[in-house]
Amino acid sequence: MAFSKEIRKYLVILLIIGWSIALLFFNQPPKRLYHDNQILMGTFWEVTSPSKEAGQIVLKEVARLDQLLSKYKEESEVSQLNRLGKLKVSADTFYIIKRSKEFYTASSGAFDITVSPLVSLWGFTSQKHYLPTEQEIKAALKLVGSDKIILHELDNVVEFRLPGMLIDLGAIAKGFALDCAVKKLREKNINNCLIYAGGQIYALGDKFGKPWKIAIQGKNKFEIGETLELKNKSASTSGNYEQFFIKDEKRYCHIINPLTGYPVDSRINSVTVIANDGLTADALSTILFVLGKEKSKEILKKFPNTQGKIF
Ligand code: AMP
Ligand code: MG
């Protein structure tokens, strides 16, 4: 049966459209992801993105913040402040200390960056672990309390009320660095990237149209707790298996209860908090670990759009 002229015309048009779609499809560049990594802030950072430039942008920004916030780098602003007890600091350092004080208040002292003398007393700064005496703990506790940090808003000066006070931003700096790095990416119009920094993750945008899939740690370092699908969210894990020592069959971990002066001794192995930003996720995961399961529910209510998973 012969096709009419009209039908033949439509068939030809359909064929041309089909060819064009096929050509477009085959000419698509392959979906590839670029990976970059570096050790910064004492952690392995890994950046994954369809954008080639993302890795360098993130790692450069984190390195900049590491120079300001590390208590291990002699010339960092944090080290200078720890030595001098009073210092005019950059806007970034001022901001993170200010936010830390807010978390101190919100957690009734469970989150406390002035816990540093205790972290050192237990040997977690030098990695020479030590079981202190009651007297030593009492003496160190006198230097603890973020209410004893004075913030001079007008000129970005941070001042300690007592000589000998020290701060440690280990529970919040990586989360803050994630947020700063994401800001840099967005400024460059890079909107899809996964940043992994040990227990901290930020999932910016998506992976070729699908949320980023990440696995979070469970009861121990080698066990996957859950797989999460994240888009424009951060996840932070605090665990008792990150840094710890065992003495007389008792395990002492690196997260200290600032109210007692002793390492947190709860039945929780790890806590993961999901939030819209890295700083909140990081601070909250430490807080939940200190407070334990029951009090965690109350604290999470104070922070909308957050979720906690306890293992
Ligand atoms: P994270 O792994 O984020 O929970 O942070 C743990 C680190 O924060 C520790 O290695 C200490 O340097 C520091 N730290 C320990 N206890 C506290 C606390 N109660 N509040 C704030 N920082 C803490
Ligand atoms: Mg933390």
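The structure we're discussing is the one just above.
Residues numbered from 1 in each chain as written. Chains lettered and ligands numbered in written order. Predicted model: local features only at pLDDT ≥ 70, side-chain atom pairs only at ≥ 80, totals over all residues. Heavy atoms only, no water.

Undergrad: What's the story with the sheet that holds strand β3 (residues 86-88) in this structure? I'm lost.
TA: Across a sheet, strands are paired by hydrogen bonds formed along the backbone, either parallel or antiparallel in direction. Overall, antiparallel pairing links the three strands, which are arranged β3-β5-β4 in an open sheet. The sheet terminates laterally at β3 and β4 (149-152), the two strands that pair on one side only. Averaged over all neighbouring strand pairs, the angle between strand axes comes to 15°, with direction disregarded. Pairing between β4 and strand β5 (residues 157-160): four bridges, direction antiparallel. Bridge assignment links Ile150 to a residue of β5, and that residue is Glu159. Strands β3 and β5 of the sheet are contacted by helix α3 (residues 77-84), whose axis makes an angle of about 145° with β3. Against the sheet, helix α4 (residues 91-106) touches β4 and β5, its axis set at about 130° to β4. (Pairing = 2+ DSSP bridges. Helix = DSSP H or I, 4+ residues; strand = E, 2+ residues; numbered from the N terminus. Axes fitted to C-alpha atoms, helices over the stretch in contact; angles between N-to-C directions. Contact = heavy atoms within 4.5 Å.)

Undergrad: Can you walk me through the site of ligand 1 in this structure?
TA: Lining the immediate environment of ligand 1, one finds 15 residues, of which Asp168, Ser238, His254, Ile256 and Thr286 sit closest. Contacts to ligand 1 include Ala110, whose backbone N or O atom sits 2.9 Å from a nitrogen atom. For ligand 1, a nitrogen atom lies 3.0 Å from a polar atom in the backbone of Asp112. In isolation ligand 1 exposes 500 Å². Once the protein is present, 93% of that is buried. Here ligand 1 is seated within the largest pocket. Looking at the shell around ligand 1 element by element, the count peaks at three residues for helix α8 (residues 278-301). Here the shell around ligand 1 is composed, by residue class, of eight nonpolar, four polar and three charged. (Near = heavy atom within 4 Å. Polar contact = N/O pair within 3.5 Å; in protein donor to acceptor, adjacent residues only side chain to side chain. Areas by Shrake-Rupley, 256 points an atom, 1.4 Å probe, with all protein chains shown as cover. 1 Å grid on protein atoms, 1.4 Å probe; cavity = no way out; pocket = protein on both sides within 12 Å on 5 of 7 lines; lining within 4 Å. Sits in = over half its atoms within 2 Å of the grid points. Nonpolar A, V, L, I, M, F, W, Y, C, P; charged D, E, K, R; others polar.)

Undergrad: It is not clear to me how the nonpolar core should be interpreted in this structure. Could you clarify?
TA: One broad trend across soluble globular proteins is that nonpolar side chains are buried collectively. With 61 residues, the main nonpolar core has Trp45, Phe103, Ile167, Leu169, Leu185 and Ile195 as its most contacted residues. Looking at this core, the element that brings in the most residues is α8, giving nine residues. In terms of nonpolar packing, the next biggest core, distinct from the first, is built from 12 residues, Val119, Trp122, Phe124 and Ile137 among them. (Core = buried A, V, L, I, M, F, W, Y, C linked by side-chain atoms within 4.5 Å. Buried < 20%, exposed > 50% of the residue type's maximum accessible area, 1.4 Å probe, protein only.)

Undergrad: Explanation requested: a nonpolar patch on the surface in the structure shown.
TA: A surface patch of nonpolar side chains, about 430 Å² in accessible area, is lined by Val12, Leu15, Ile16 and Trp19. Along the chain, the position of Trp19 falls in helix α1 (residues 5-26). Relative accessible area serves as the criterion here: at 56%, Trp19 is assigned to the exposed category. (Patch = residues over 30% accessible without salt bridge, like charges linked within 9 Å, V, L, I, M, F, W, Y side chains within 5 Å. Salt bridge = Lys/Arg side-chain N within 4 Å of Asp/Glu carboxyl O.)

Undergrad: What's the story with the layout of surface pockets in this structure? I'm lost.
TA: In this approach the atoms are scanned with a rolling probe the size of a water molecule, which exposes any empty space left behind. The computed volume of the largest pocket comes to approximately 1,100 Å³. What lines the largest pocket is a set of 43 residues, among which Gly170, Ala171, Lys174, Gln243 and His254 lie closest to the centre. Of all the secondary-structure elements, those providing two or more residues to the lining of the largest pocket are β2 (43-49), α2 (54-69), α7 (173-187), β10 (233-239) and α8. When the residues that make up the lining of the largest pocket are grouped by side-chain class, the tally is 18 nonpolar, 16 polar and nine charged. (Points joined across faces, edges and corners; volume = space filled by probe spheres on them.)

Undergrad: Honestly, the coordination of the magnesium ion (ligand 2) in this entry has me stumped. Any pointers?
TA: Tetrahedral coordination by four donors sets the ideal angle at the metal to 109.5 degrees; octahedral coordination by six donors sets it to 90 or 180 degrees. Surrounding the magnesium ion (ligand 2) are the protein donor atoms Ala171 (O), Asp282 (O), Asp282 (OD) and Thr286 (OG1), at 2.0 to 2.5 Å. Each donor residue of the magnesium ion (ligand 2) belongs to the same chain, and together they define the spacing A-x110-D-x3-T. Remark: Asp282 occurs in helix α8 and Ala171 occurs in the loop between β5 and α7; sequence separation between them is 111 residues. Note on Ala171: relative accessible area 22%, which makes it partly exposed. (Donors = N, O, S within 2.8 Å, 3.2 Å for Na, K, Ca; no water.)

Undergrad: Help me out: how do you make sense of the environment of Ile310 in this one?
TA: Along the chain, the position of Ile310 falls in strand β14 (residues 307-310). Counting along the chain gives 31 residues from Ile310 to Leu279, while the straight-line C-alpha distance between them is 19 Å. Those residues in contact with Ile310 that lie beyond four places of it in its chain are Ile268, Ser270, Val271, Lys293 and Ser296.

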